[in-house]
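Remarks on the overall topology
Chain residues, written in single-letter form:
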Amino acid sequence: MKLLNRRELLGHAAGFGAAFALPSAAFAASDKRLAYPPLLDATTSRLFQLEARTGETRFDDGAASETFGYNQGYLGPTIRVQAGVETRAEVHNTLGEPMSAHWHGLVVAGEFDGGPHQAIAPGDTWKPVLDLDQPPATAWYHSHIHGATARQVMLGLAGVLQVTDDADDARGLPSAYGVDDLTLVLQDRQFNWRGRLKYDPGMHQSMNGFQGDTMVVNGQIGASAAVPKGIVRCRVVNGSNARVYRLSMSDSRSLHLIATDAGFLDRPIALNRLTLAPGERAEVLVDFTSGRDSVLKSDDIINSAMGGMMGGGGFGSPFTVLPFAVDTTLPVRIDALPGSLDGQLPDLAVKDAPVRRLSLDMSMGMGMMFSRSGNRFSINGASYDSGTLNFSTKLNSIERWIVRGAMMMHPFHVHGVRFQVLSENGTAPRAENRGWKDTVLVDGEVELAMKFEKPASAAAPYMYHCHILEHEDGGMMGQFSVA
């Protein structure tokens, strides 16, 4: 596949064939320095406040776009919270429509989860209490209004959460925010000829999920990350609606994986490539002690139901995600990789656990392609119904879930839990799935061990769903209680 430049893409953005194209395959640094979301540190106050608001955001040299954000015009602050204590949140909605704040990756009770049942009406304030008895992790938050999640996240209602125990220095890990500890929100977006954000998914993007033609990191186009001549920690969040990234460095240096969605590993794992699906997070260490610049790039993964119909799929040309430029004026805090970490790998007892089978379903045929009804996507043949509880399970119980995906790869997320990936297509899980997870890419079949540690009533249930946001909005979602 030929990758188009930005001017060519602006002329082809509405075309069917541009669905997977990204603007550049050139791996070069930029003079524009990447900025990081403001840090909102609630570790001492144990209180943070968010305000959903409208904004006008200029992503490039074009016209300003109408956007949404938390506390700012686009995206939200990085919220740092303390592990092992309760933290109060206040989320105020100044938008002209309902929104929410789902704490994706926090293991909290259903009434505080921020899913579709905790919608915040215009002018209202929601005040959840987050009991954070979970290990340190990089989580995130985003709006989760059924039928509007894809559009609201596209417009900017998302941000990053850091759960910390203040022990990173003892672990030998970079921890200086925006210097050697970098928060990176990866998104692909589409812009019209004026440079304004464009989201009007047609038949193809409704079926496969929206994939943009322009790479955006932390809400910025064409920026480079300045890094010290040392070890740098990247907290990578896939905040895209549907795109799956297969990340690597342009000079083949390793990505040293230290944490998955829900916490640290027991030791760093050196990877040549890291697959990251929508909703997933990974923490990696990158070694810049040589003083050489490099570029984070991604293979262009073609994830399409059309592949199931017409034999497509596979990989396109690699594209630039983010150039890194070594700045020798930045302080070097860490100059060696840790040999081990204190994360506890999951090892749930599943020998006698009950088995639950889930099928992530897509309607097939041309009727599905042209339909705008809500039943194109489903789980076990049932599209999401807010008034229907799909099942109930017991507090502190363990279950085995066998999840199959139809026609294409589906990132599968479960609210309110951390889970263990037991197998992928009958074999041992990939390295990036060895740790605790809350989202996993289903490419065929995965087997999961699920422990339910927090309550969720029938009135405030947990969700489980595909994290391709257009699939989620279209009905590939269910809900359950924990009693």
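Residues numbered from 1 in each chain as written. Predicted model: local features only at pLDDT ≥ 70, side-chain atom pairs only at ≥ 80, totals over all residues. Heavy atoms only, no water.

**A few points about the sheet that holds strand E28 (residues 439-442)**
The condition is simple: Here, a strand pair is defined by DSSP locating no fewer than two bridges between the strands. Under the scheme used here, helices are H or I runs from DSSP no shorter than 4 residues and strands are E runs no shorter than 2 residues, and both carry numbers assigned from the N terminus. Only C-alpha atoms enter the line fits that serve as axes; for helices the fit covers just the stretch in contact. Angles between N-to-C directions range over 0 to 180 degrees.
Judged by pairing direction, the sheet is mixed, and its 5 strands sit side by side in the order E24-E31-E30-E26-E28 without closing on themselves. Two strands in the sheet have a free side with no partner beyond their single neighbour: strand E24 (391-393) and E28. When the angles between neighbouring strand axes are averaged without regard to direction, this sheet yields 25°. Of the strand pairs in this sheet, strand E26 (residues 410-414) and strand E30 (residues 462-466) are connected by 3 bridges, and their pairing is antiparallel. Residue valine 414 lies in a different strand from E30, and its bridge partner there is tyrosine 464.

**Here we look at the nonpolar core**
For clarity, the threshold we go by: Throughout, nonpolar core names a set of buried Ala, Val, Leu, Ile, Met, Phe, Trp, Tyr and Cys residues whose side chains join them through atoms within 4.5 Å. Here the term buried applies to any residue with accessible area under 20% of the maximum for its type, exposed to any over 50%, and partly exposed to those in between, with areas from a 1.4 Å probe on protein chains only. In this description, contact between two residues means that some pair of their heavy atoms is separated by no more than 4.5 Å.
Core analysis: the biggest nonpolar cluster contains 39 residues, and Phe48, Leu50, Tyr70, Val91, Met99, Trp103 and Leu106 have the highest contact counts within it. Ignoring anything within four residues of it in the chain, the contact list for valine 91 reads Leu50, Met99, Ala101, Trp103, Ile120, Asp124, Thr125 and Trp126. Of all hydrophobic cores here, the second largest spans 34 residues; its members include Tyr36, Met215, Leu276 and Val284.

**Details of the pattern of salt bridges**
Here is the rule: Salt bridge criterion: a side-chain nitrogen from Lys or Arg within 4 Å of a carboxyl oxygen from Asp or Glu.
On inspection of all chains with the given rule, the structure shows 29 salt bridges. A salt bridge links arginine 171 to aspartate 168; its shortest N-O distance comes to 2.9 Å. Of this pair, arginine 171 and aspartate 168 both sit in helix H3 (residues 168-171), 3 residues apart, roughly one helical turn. Note on accessibility: arginine 171 and aspartate 168 belong to one class, buried. With a closest N to O distance of 2.7 Å, arginine 253 and aspartate 251 form a salt bridge. Three or more residues joined by partner-sharing salt bridges are found here, namely Asp165, Asp168, Arg171, Asp181, Arg233, Arg235, Glu283 and Asp342.

**A few points about the pairing of strand E10 (residues 158-164)**
Of all 7 residues making up E10, 7 are buried, and the element is well covered by its neighbours. Pairing of strand E4 (residues 78-82) with E10, which is carried by 4 bridges, proceeds in the parallel orientation. Considered in E10, the bridge of isoleucine 79 is made with leucine 161. Note: strand E9 (residues 137-142) against E10, 6 bridges, orientation antiparallel. Bridged to tryptophan 140 within E10 is valine 160.

**Notes on the confidence of the model for the protein chain**
Rules: Confidence scores here are pLDDT values: one per residue, from the predictor, ranging 0 to 100.
In the predicted model, the protein chain carries a mean pLDDT of 90, and the fraction of residues at 70 or more is 89%. The model gives residues 1-21 a pLDDT under 50, and that stretch makes 53 contacts with residues more than four places away or in other chains. Per-residue pLDDT stays below 50 along residues 369-374; that stretch engages in 12 contacts with residues further than four places along the chain or on separate chains.

**Description of the sheet that holds strand E27 (residues 418-424)**
Across the sheet, which stays open at both edges, the 5 strands sit in the order E23-E22-E25-E29-E27 with mixed pairing between neighbours. The open sheet has two edge strands, strand E23 (377-379) and E27, and neither has a second partner. Taking the axes of each pair of neighbouring strands and ignoring which way they run, one obtains an average angle of 20° across the sheet. Relative to strand E25 (residues 398-405), strand E22 (residues 355-362) runs parallel, the two sharing 6 bridges.

**Observations regarding the side chain of glutamine 205**
Mapped onto the secondary structure, glutamine 205 falls in helix H4 (residues 203-208). If we ignore the near neighbours within four places in the chain, the residues touching glutamine 205 are Gln190, Phe210, Gln211 and Glu470.

**Here's the deal with unusual backbone geometry**
Positive phi values are uncommon outside glycine, yet asparagine 380 reaches one of about 55°. Structurally, asparagine 380 can be placed in the loop between E23 and E24. On the accessibility criterion, asparagine 380 (45% relative accessible area) is partly exposed. The backbone of asparagine 396 shows a phi angle near 70°, a positive value even though the residue is not glycine. Its location among the elements puts asparagine 396 in the loop between E24 and E25.

**A short note on the side chain of glutamine 118**
The condition that has to hold: Nitrogen and oxygen atoms within 3.5 Å of one another constitute a polar contact, given that in protein one can donate a hydrogen and the other can accept it, and given that sequence-neighbouring residues count only through two side-chain atoms.
Mapped onto the elements of the fold, glutamine 118 is located in the loop between strand E6 (102-104) and strand E7 (125-126). Taking relative accessible area as the criterion, glutamine 118 reaches 8% and is therefore assigned buried. In terms of polar contacts, glutamine 118 uses its side chain to reach the backbone amide nitrogen of glycine 114, at 3.0 Å. In this structure, glutamine 118 is in contact with Met99, Ser100, Gly110, Glu111, Asp113, Trp126 and Ala460, ignoring residues within four places of it in sequence.

**Let's talk about the environment of aspartate 61**
Within the secondary structure layout, aspartate 61 lies in the loop between strand E2 (47-57) and strand E3 (65-70). When the C-alpha atoms of aspartate 61 and glycine 195 are compared, they prove to be 7.3 Å apart, with 134 residues separating the residues in sequence.

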